[in-house]
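Commentary on secondary and tertiary structure
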Amino acid sequence: MAALLLHRRGPVTAALDTGGGRPLERIALVDLLDRLLAGGVVIAGDLVISVSGVDLVRVSLRALITTVLDEASGEEAP
Amino acid sequence: MTEVRTDGGTAVYLYGVARDLDPAALPGTGVAGAPVRGVPAAGLTALVSTVRLEEYGEAALRANLEDLAWLEATARTHHAVVERAARAAPTAPVRIATIYSDDDRVAEVLTSEGGRFAEILDRVAGRTEWGVKAYAAPAPAVQDAPPAEPSSGTAYLRGRQREQRRRADAGRRSAELAGELHAELADGAVASRHHPAQDARLSGRTDVQVLNAAYLLDDDRVEEFLAAAQRAQDRLAGIELEVTGPWPPYSFIEGDR
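Since the structure is predicted, the reported quantities are computational estimates derived from the model, not experimental observations.

Turning our eyes to something else, we now look at the confidence of the model for chain B. All names here are of chain B. Across chain B, the average pLDDT comes to 88, with 91% of residues at 70 or higher. Per-element mean pLDDT across chain B ranges from 73 in helix α7 (residues 200–203) up to 96 in strand β3 (residues 44–52). Predicted complex metrics record ipTM = 0.82 and pTM = 0.79.

Moving on, we get to the domain arrangement of chain B. All names here are of chain B. Domain annotation of chain B identifies domain 1 (10–124) and domain 2 (127–252). On a C-alpha basis, the centroid separation for the pair domain 1 and domain 2 is 34 Å. Listed per partner, the contact involves seven residues of domain 1 and five residues of domain 2. Of all elements in the fold, only α3 (68–88), β4 (91–100) and α5 (114–124) reach the threshold of two or more residues within the side of domain 1 that touches domain 2. Ranked by residue count, the leading element in the side of domain 1 that touches domain 2 is α3, at three residues.

Residue and element names in this part refer to chain B. Buried within helix α4 (residues 103–112) we find V106, V109 and L110. The arc that holds every buried residue of α4, seen down its axis, measures 100°, which confines them to one face. Facing away from the buried side of α4, by more than 90 degrees, are the exposed residues D104 and S112. For α4, the secondary structure elements touched by its buried residues are β1 (10–18), β2 (37–41), β3, β4 and α5.

Let us look at the sheet that holds β3(B). The strands that make up a sheet are held in pairs by hydrogen bonds between backbone atoms, and each pair lies either parallel or antiparallel. All names here are of chain B. Taken in spatial order, the four strands line up as β2-β3-β1-β4 in an open sheet, and their pairing is antiparallel. Here the strands that pair on one side only, and so sit at the sheet edges, are β2 and β4. If you compare each strand with its neighbour and ignore which way they point, the axes differ by 30° on average. Pairing of β1 with β3 involves eight bridges; the strand directions are antiparallel. Bridged to Y13 within β3 is S49. Those strands touched by α4 are β1, β2, β3 and β4, and its axis lies near 50° from that of β2.

Conventions used here
- Residues numbered from 1 in each chain as written.
- Chains lettered and ligands numbered in written order.
- Predicted model: local features only at pLDDT ≥ 70, side-chain atom pairs only at ≥ 80, totals over all residues.
- pLDDT = per-residue confidence, 0-100.
- Helix = DSSP H or I, 4+ residues; strand = E, 2+ residues; numbered from the N terminus.
- Domains from an automatic or database assignment.
- Contact = placed C-beta atoms within 7 Å.
- Buried ≥ 20, exposed ≤ 12 C-beta atoms within 10 Å, placed from the backbone.
- Arc of directions from axis to C-beta.
- Pairing = 2+ DSSP bridges.
- Axes fitted to C-alpha atoms, helices over the stretch in contact; angles between N-to-C directions.

Spelled out as structure tokens, the structure:
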């Protein structure tokens, strides 16, 4: 669930055991979005999606922040 | 821009482009549960799966990208596909939600963009991305001073100025530490990139993120890099490091700019 990831706490300090590339823990969504929304090869697709690059980041972060604030204010998602 | 039907048709979702990928290593399942397949062209393999336009068409995509649960599921699946391919062969991840009409169009793009993909794959082959975030504990409140009731307006203002200076100093020190830390880590990397600091509401942390960076490492320099990060962690009081990786090279697609 997004909520657990977004509210992840506690020291995951320098998780320095690479152990042959095993995932150490479930990846935090925010770290993934840092990369997926701003990284990767940008090539024109066939769909006229203008929500790319900066626009996409803004759109998605708005979604994230809205969710976090909703949770903080005690509202439950259906 | 091609007009794409949205009436129950399908399209093709592109995850990334690999070179010398053993077809047996093709990642299994893509977004919406569809199997991932390889589209070969120009000596490259595009990793794709079929999507329905009612979910991935333009209007649907625009709405879905606003839906956190949908975005998370898509991002995690996209990442899983790219990551499995990247473990098997040099792989250039493509920006999330890049959609084509059909496999033929994907093959066309591989051919027309082949030079660019070759350049990217040359740069990332034998390398992985590592993320390092550093957090500084907030400066502790000053214990030694202000009386509960300032004796005068002037004393109150002075106290406030002192507090502002103290915070500014602490901020500067954190920024300096982050700069030093980054220089040290970048030293062992082929390239580095700064990501914007993550909003505290997203990271769920109350301390201040003073560094959010990615480093592209040669495979045989990873241990060394991690040891350097560990030494920095041991040395820098009040700074907490968080290292993630290995990542496919999402942050190192563009050359130095």
